[in-house]
Amino acid sequence: MNSVGEACTDLKRDYDQCFNRWFADKFLKGDRSGDPCTETFREYQRCVQKAIREKDIPVDGVEFMGPNKDKPES
Amino acid sequence: MKIWASEHIFNHPWETVTKAAMQKYPNPMNPGVFGVDVLDRSVDTEGRLHSTRLLSTEWGLPAMAKSLIGVTRTCTYVQEHSVVDPREKSFELKSTNISFTNLVSVDEKLTYKPHPQDPEKTVLTQEALISVKGISLSSYLEGLMAKTISTNAGKGREAMEWVIRRLNTEIEELAATARGTLRAPMAAAVTDK
């Protein structure tokens, strides 16, 4: 699966592999020990946030399924 | 405004379905989703995993529809917030479009929980709230979108089965490799005697 930022796809794959392993082997089994993926996540995030800014994607502060919710127009 | 809801039962335990749902994309049934990014992730004080993700989708709009709504790009972004509670065994996802919000609002909520009578099964309840803004064809278009959501929900469930099969195959291949690497030295030890 690709990232929205083409340059971030490899970083994303590294993070995803780490996360999926931790999620299946630790988190779902009730193991509350620390998250081994913080470093890979940080690198991946730096790249993605940059791509989002560059592509002007209107992320952030969204509320779900509120009848009176006003989404920012885009 | 159009409300659509459905319920589906998977013949797999909740952990299997949750792992698959977390890795749902890419899959051949939802080719429109071309990018998934995690924007934020954390475990709260009650041990629940919160994730915020951005889904990038590309969908084939017929040319007429494109000229009607006056857009040339068909790339749509969806923001999703999910919570996995490993103790309560629930995985809830809420998503909303963040593109074309001046035209349409599509909110979806999915909840995966173990089947109350059978722990080897998982129940998925899915709801969508659709609202097309400001034009007179709105209820017709909302109906059309509800139909699309319903069709995509069917594809989504097929996609889940596909991901589950893929994950199980990977596990079997790993086990077979492990058995293969054990067998060779054992055979060598026997013939060496």
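Small disclaimer: the values here were computed from a predicted structure and weren't measured.

Some details on the overall build of chain B
In terms of regular secondary structure, chain B is built from three helices and seven strands. Along chain B, helices and strands appear, N-terminal first, in the series β-α-β-β-α-β-β-β-β-α. Here chain B, with 193 residues, has 44% of them falling under the buried criterion. Expressed as a percentage of contacts within chain B between residues at least 6 apart in sequence, the contacts between residues at least 24 apart total 54%. Within the structure as shown, chain B displays about 10,400 Å² of accessible surface, and the carbon and sulfur contribution to it stands at 58%.

Considering helix α2 (residues 38-54) of chain A
With 17 residues, α2 of chain A should cover 24 Å at 1.5 Å per step; its first-to-last C-alpha distance of 24 Å lies within 8% of that length. Taken together, the buried positions of α2 of chain A are occupied by F41, Y44, Q45, C47, V48, A51 and I52 of chain A. Turning to α2 of chain A, the residues buried within the fold contact α1 (9-25) of chain A together with β2 (33-43) and β3 (49-58) of chain B. D56 of chain A lies just past α2 of chain A and shows a positive phi near 60 degrees.

Focus on the interface of chain A and chain B
Between chain A and chain B, the residue contacts involve 35 residues of the former and 48 residues of the latter. Both faces considered, chain A and chain B share a buried interface measuring about 3,200 Å² in area, 64% of it formed by carbon and sulfur atoms. The interface formed by chain A and chain B holds zero salt bridges in total. Of all the secondary-structure elements, those providing two or more residues to the side of chain A that touches chain B are α1 and α2 of chain A. If you tally residues by element for the side of chain A that touches chain B, the top one is α1 of chain A, at seven residues. Taken together, the residues of the side of chain A that touches chain B break down into 20 nonpolar, eight polar and seven charged.

As for the packing of α1 of chain A against helix α1 (residues 14-22) of chain B
Where α1 of chain A meets α1 of chain B, the axes come as close as 11 Å, and the angle between the chain directions of the two elements is 165 degrees. Put simply, α1 of chain A runs roughly antiparallel to α1 of chain B. Remark: the crossing between α1 of chain A and α1 of chain B carries right-handed chirality. Taking contact as the criterion, the partners of F19, F23 and A24 of chain A in α1 of chain A are, on α1 of chain B, T18, K19 and M22 of chain B. Here the residues of the contact of α1 of chain A with α1 of chain B sort into four nonpolar, one polar and one charged.

Overview of the confidence of the model for chain B
Residue and element names in this part refer to chain B. Confidence in the prediction of chain B, expressed as mean pLDDT, is 86, and 83% of residues score 70 or more. Helix α2 (residues 63-69) is the least confidently modelled element of chain B, averaging 62 in pLDDT, while α1 averages 96, the highest of any element. This complex was scored by the predictor with a pTM of 0.78 and an ipTM of 0.85.

A look at the side chain of D85 of chain B
Residue and element names in this part refer to chain B. Within the secondary structure layout, D85 lies in strand β4 (residues 75-85). Engagement of the side chain of D85 in a polar contact is seen with the backbone nitrogen of R87, the distance being 3.1 Å. Excluding its chain neighbours within four sequence positions, the residues that come into contact with D85 are W14, R48 and S90.

Structural notes on the environment of A7 of chain A
All names here are of chain A. For A7, the position within the fold is in the segment before α1. You can call A7 exposed: its relative accessible area is 69%. Each C-alpha atom, one on A7 and one on R42, is 15 Å from the other, the two residues being 35 residues apart in sequence.

What to know about the environment of K26 of chain A
Residue and element names in this part refer to chain A. If you trace the backbone, K26 turns up in the loop between α1 and α2. Classification of K26 by relative accessible area gives partly exposed; the value is 35%. Ignoring sequence-local partners within four residues, the contact set of K26 consists of R21, D31 and S33.

Notes on the packing of aromatic side chains
Aromatic ring pairs are defined here through the distance separating the ring centres and the angle between the ring planes. Summed over the entire model, instances satisfying the criterion amount to 10 aromatic pairs over all chains. An aromatic cluster of three or more residues is present, and its members are Y15, F19, W22, F23, F27, F41 and Y44 of chain A. The ring centre of F19 of chain A lies 3.5 Å from the NZ or CZ of R41 of chain B, which sits over that ring.

What about the nonpolar core?
One finds F23 of chain A together with L49, L54, V84, F91 and Y112 of chain B to be the most contacted residues of the largest nonpolar core, which totals 39 residues. L49 of chain B has contacts with F19, W22, F23 and F27 of chain A together with M22, R41, S42, V43, S82, V83 and V84 of chain B, leaving out every residue within four places of it along the chain.

Definitions and cut-offs
- Residues numbered from 1 in each chain as written.
- Chains lettered and ligands numbered in written order.
- Predicted model: local features only at pLDDT ≥ 70, side-chain atom pairs only at ≥ 80, totals over all residues.
- Heavy atoms only, no water.
- Helix = DSSP H or I, 4+ residues; strand = E, 2+ residues; numbered from the N terminus.
- Buried < 20%, exposed > 50% of the residue type's maximum accessible area, 1.4 Å probe, protein only.
- Contact = heavy atoms within 4.5 Å.
- Areas by Shrake-Rupley, 256 points an atom, 1.4 Å probe, with all protein chains shown as cover.
- Expected span 1.5 Å × (residues − 1).
- Buried area = accessible area lost by both parts, 1.4 Å probe.
- Salt bridge = Lys/Arg side-chain N within 4 Å of Asp/Glu carboxyl O.
- Nonpolar A, V, L, I, M, F, W, Y, C, P; charged D, E, K, R; others polar.
- Axes fitted to C-alpha atoms, helices over the stretch in contact; angles between N-to-C directions.
- Parallel < 35°, antiparallel > 145°, perpendicular 65-115°, else oblique.
- Left-handed = near helix turned anticlockwise from the far one by under 90°.
- pLDDT = per-residue confidence, 0-100.
- Polar contact = N/O pair within 3.5 Å; in protein donor to acceptor, adjacent residues only side chain to side chain.
- Phe/Tyr/Trp six-rings, centres within 6.5 Å; stacked < 30°, edge-to-face > 60°.
- Lys NZ or Arg CZ within 6 Å of the ring centre and 35° of its normal.
- Core = buried A, V, L, I, M, F, W, Y, C linked by side-chain atoms within 4.5 Å.

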